[in-house]
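Structural characterization, general
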Amino acid sequence: MSAADDGRSIGQLVAAATTELSALVHEEIALAKAELRQDVKRGVIGSGAAIAAGVLALFSLPVLSFAAAYGIHNLGLGLAWSFTVVGAAYLLVAAVLLLLAKVKLSKVKPPRRSIASAKQSAAVLSSVKPHPRAVPRGRTEPQAVERMSRSSA
């Protein structure tokens, strides 16, 4: 079907193609943003859990140090055991948070759908070839005019 068959000029067809291509690019960008936003959220939660685990592990070191010192000194069940229980509880919470961080961070993936969609669009657009422009009778193409002027000179 030609441009004349559906009543649209070549300019209108080019404008429509440009508009549709622009809309396609905007939709692919929106898809990539949505996928990245989801992965960033997972990354922030996982990173927050890892930071919390590190802070708790850091806080447990002085407590366990005091507990060990009092435990060696007293060699009995006194104040030192209470420090040991608190330090062990901190380490247990840190281990749980670290496990949560690992699970959340392992789910962060590249935006596969956006990449696949962009590759598919690029493949379609790369296979599109422009149609030769019809030259009205009585008019010559600019290249033919140049060739004629060169040959006459």
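Above: the structure in question.
Overview of the structure.

**A word on the overall build of the chain**
Of the regular secondary structure elements, the chain holds 4 helices and 0 strands. In the chain, the succession of α and β elements from N to C terminus is α-α-α-α. The proportion of buried residues among the 153 residues of the chain is 12%. Taking as baseline every contact in the chain between residues at least 6 positions apart, the subset at least 24 positions apart corresponds to 74%. By element, 68% of the accessible surface of the chain is carried by carbon and sulfur atoms, the whole surface being about 12000 Å².

**Details of the pattern of salt bridges**
All told, the structure shown has 2 salt bridges when counted by the stated rule. Between E35 and R113 there is a salt bridge, with its nearest N and O atoms 2.9 Å apart. Placement of the pair is E35 in helix 1 (residues 10–74) and R113 in helix 3 (residues 112–127), with a sequence separation of 78 residues. Assessed through its relative accessible area of 8%, E35 is described here as buried. In this structure, R42 engages D39 in a salt bridge whose closest nitrogen and oxygen atoms are separated by 3.5 Å. Of this pair, R42 and D39 both sit in helix 1, separated by 3 residues, roughly a single helical turn.

**Some words on a nonpolar patch on the surface**
A surface patch of nonpolar side chains, amounting to about 580 Å² of accessible area, comprises I51, V55, L58, F59, L61 and Y90. Here the nonpolar patch gets 5 residues from one element, more than from any other, and that element is helix 1. Assignment of secondary structure puts Y90 in helix 2 (residues 79–106). Given the relative accessible area of 31%, Y90 is considered partly exposed.

**Re the environment of L56**
Relative to the helices and strands, L56 resides in helix 1. As a C-alpha pair, L56 and A89 span 33 residues in sequence and 9.7 Å in three-dimensional space. Here L56 is in contact with Y90, V93, A94 and L97, once residues within four sequence places are set aside.

Cut-offs and rules
Residues numbered from 1 in each chain as written. Predicted model: local features only at pLDDT ≥ 70, side-chain atom pairs only at ≥ 80, totals over all residues. Heavy atoms only, no water. Helix = DSSP H or I, 4+ residues; strand = E, 2+ residues; numbered from the N terminus. Buried < 20%, exposed > 50% of the residue type's maximum accessible area, 1.4 Å probe, protein only. Contact = heavy atoms within 4.5 Å. Areas by Shrake-Rupley, 256 points an atom, 1.4 Å probe, with all protein chains shown as cover. Salt bridge = Lys/Arg side-chain N within 4 Å of Asp/Glu carboxyl O. Patch = residues over 30% accessible without salt bridge, like charges linked within 9 Å, V, L, I, M, F, W, Y side chains within 5 Å.

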